[in-house]
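Topology and contacts: notes
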Amino acid sequence: AQSVTQLDSQVPVFEEAPVELRCNYSSSVSVYLFWYVQYPNQGLQLLLKYLSGSTLVKGINGFEAEFNKSQTSFHLRKPSVHISDTAEYFCAVSKSTGGGNKLTFGTGTQLKVEL
Amino acid sequence: EPEVTQTPSHQVTQMGQEVILRCVPISNHLYFYWYRQILGQKVEFLVSFYNNEISEKSEIFDDQFSVERPDGSNFTLKIRSTKLEDSAMYFCASTGDSNYGYTFGSGTRLTVV
């Protein structure tokens, strides 16, 4: 089974400052990794995903994440945040082999961007 | 861009009543899923469906829940006798033959009173 840990439940940050949201995963098999964003009262939007290849993955809205296999981490970063980035961010994992594998989500990190 | 459509967006029901949540997955997708998010909590897997049968289900998905693909386009989640703790946002998702092309619907907020 896979599991995801997001240690930070809330991250406050000032506008234009950099931010890192942490994600660690556990799995005995190879996985794909994802970050989703959820704005208030909305659905889940895919920010980026790691499938294979380069460990640095770039996504939408200026976000990027780095896959670190030895540390089983997939931290999300943005060099300069905007007020509009205020949202809940979920890290998720799925098995990479077979078909139709479920996503397992972390508990989420609330990013609050302040002026 | 193709979308997963969920209806209704919000449903209020009395405890003990049956509800059916509806989803129209992307037409050429093969795998269909339901997830649940209780307010303020993480998104939890309920069930996956492939080739007209359940391929995996979580411990949450007990006998009160069922899924169906009654025709070639709709995918439904039925809760037979709702409880207060079933109040949550329910997300439908679908994928093609890969494990990474998930598309989520915008969700149905179910409120049990």
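Our subject is the structure that appears above.
Counting from 1, residues in each chain are numbered in the order their sequence is written. Starting at A for chains and at 1 for ligands, labels are handed out in the order in which the entities are written. A pLDDT threshold of at least 70 governs which residues receive local features in this predicted model, and a stricter bar of 80 or more applies before side-chain atom pairs are shown or counted, although totals over entire chains, interfaces and linings include all residues. Side-chain calculation: all heavy atoms of the structure are included, whereas hydrogens and water are not.

**Examining the nonpolar core**
- Joining through side-chain atoms within 4.5 Å is the link that ties buried Ala, Val, Leu, Ile, Met, Phe, Trp, Tyr and Cys residues into a set, and such a set is a nonpolar core. Throughout this description, buried means an accessible area under 20% of the type-specific maximum (1.4 Å probe, protein chains only), exposed means over 50%, and partly exposed covers the range between. Membership of the largest hydrophobic core comes to 27 residues, with the highest contact counts inside it found for Trp35, Leu48, Leu76 and Tyr89 of chain A.
- Among all residues touching Tyr89 of chain A, those that are not within four sequence positions of it are Gln6, Leu21, Trp35, Tyr36, Val37, Leu47, Phe63, Leu76, Gly108, Thr109 and Leu111 of chain A. What makes two residues a contact is simply this: any of their non-hydrogen atoms within 4.5 Å.

**Considering the interface of chain A and chain B**
- Contact with chain A, which involves 24 residues of that partner, is made by 18 residues of chain B.
- Take the accessible area each of two parts loses on contact, using a 1.4 Å probe, and add the two losses: that sum is the buried area. Here chain A packs against chain B, burying approximately 1,700 Å² in sum over the two surfaces, 58% of which is carbon and sulfur.
- What counts as a salt bridge is simple: a side-chain nitrogen of Lys or Arg found within 4 Å of a carboxyl oxygen of Asp or Glu. Between chain A and chain B we count 1 salt bridge in total.
- Any N or O atom pair separated by 3.5 Å or less is treated as a polar contact, with the protein-specific requirement of one donor-capable and one acceptor-capable atom, and with residues adjacent in sequence counted only for side-chain atom pairs. Our count for the contact surface shared by chain A and chain B stands at 5 residue pairs in polar contact (both at pLDDT 80 or more).
- Under the DSSP-based scheme used, a helix requires at least four consecutive residues in state H or I and a strand at least two consecutive residues in state E, with every element numbered from the N terminus. With 4 residues, the single largest contributor to the side of chain A that touches chain B is strand β5 (residues 31-38) of chain A.
- Across the side of chain A that touches chain B, the residue classes break down as 8 nonpolar, 13 polar and 3 charged. Amino acids outside the nonpolar list (Ala, Val, Leu, Ile, Met, Phe, Trp, Tyr, Cys, Pro) and the charged list (Asp, Glu, Lys, Arg) are all regarded as polar, and Gly is one of them.

**Some remarks on the packing of aromatic side chains**
- Side-chain rings of Phe, Tyr and Trp, where Trp is taken by its six-membered ring, are said to pair if the distance between their centres is within 6.5 Å; with planes under 30 degrees apart they count as stacked, over 60 as edge-to-face, and otherwise as tilted. Scanning all chains against the criterion turns up 20 aromatic pairs over all chains.
- In textbook terms, an aromatic cluster arises when at least three aromatic residues are bridged by ring pairs, as seen for Phe34, Tyr36, Phe90 and Phe105 of chain A together with Tyr33, Tyr35, Phe45, Phe91, Tyr102 and Phe104 of chain B.

**A few points about the environment of Gln110 of chain A**
Residue and element names in this part refer to chain A.
- Of note, Gln110 is situated in strand β12 (residues 109-114).
- C-alpha of Gln110 to C-alpha of Gln10: the two residues are 100 residues apart in sequence and 4.6 Å apart in space.
- The contact partners of Gln110, leaving out residues within four places of it in the chain, are Ser9, Gln10, Val11, Thr86, Ala87 and Glu88.

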